[in-house]
Amino acid sequence: MKYNQTNPNSVFVKRLVITMPTEKGRATMSQNHLTLTEKGEKRKINVTSDNYRQLLKTYFNLDVEIQRLET
């Protein structure tokens, strides 16, 4: 866990990414896309400065502002 949070080679340090299992699969969000995987099928939603906060709230129960996504 500490490696993922602090190591300069970790993908979680190099770029924005959040992932979480869901009842039907997985939700993964990067700076550009939210990918919803259900039963092996993937659906992508573009992440924008206008929608990222709602996506974080809906799929990850987070209410945060991410500065690099604001512009």
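That block above? That's the structure.
Residues numbered from 1 in each chain as written. Predicted model: local features only at pLDDT ≥ 70, side-chain atom pairs only at ≥ 80, totals over all residues. Heavy atoms only, no water.

Looking only at helices and strands, the protein features 4 helices and 4 strands. Secondary structure elements of the protein, listed N to C terminal, follow the sequence α-α-β-β-β-β-α-α. If one aligns the C-alpha atoms of the protein with their principal axes, the spans along those axes are about 35 × 30 × 20 Å. Restricting the contact set of the protein to residue pairs at least 6 apart, pairs at least 24 apart contribute 20%. Of the roughly 5,500 Å² of accessible surface on the protein, 48% is carried by carbon and sulfur atoms. Side-chain charges in the protein split into 12 positive and 7 negative, and the spacing between the mean points of these groups amounts to 9 Å. (Helix = DSSP H or I, 4+ residues; strand = E, 2+ residues; numbered from the N terminus. Contact = heavy atoms within 4.5 Å. Areas by Shrake-Rupley, 256 points an atom, 1.4 Å probe, with all protein chains shown as cover. Lys, Arg positive; Asp, Glu negative; His and termini not counted. Charge placed at Lys NZ, Arg CZ, Asp CG, Glu CD.)

Looking now at helix α3 (residues 52-60). Of the residues making up α3, those classed as buried are Y52, L55, L56 and F60. With its buried residues spanning 100 degrees around the axis, α3 presents them on a single face. If you follow the buried residues of α3, they end up packed against β1 (17-21), β2 (25-30), β3 (33-38), β4 (41-46) and α4 (67-70). (Buried < 20%, exposed > 50% of the residue type's maximum accessible area, 1.4 Å probe, protein only. Arc of directions from axis to C-beta.)

This part covers the sheet that holds β1. Pairing is antiparallel across the open sheet formed by 4 strands, whose spatial order is β1-β2-β3-β4. Strands at the two margins of the open sheet, each flanked by one partner only, are β1 and β4. With direction set aside, neighbouring strand axes in the sheet form an average angle of 15 degrees. With 6 bridges connecting them, β3 and β4 associate as antiparallel partners. By the bridge assignment, H33 is partnered in β4 with N46. Contacts from α3 reach β1, β2, β3 and β4, with the element oriented near 155 degrees to β2. (Pairing = 2+ DSSP bridges. Axes fitted to C-alpha atoms, helices over the stretch in contact; angles between N-to-C directions.)

In short, shape yes, function no, at least from these values alone.
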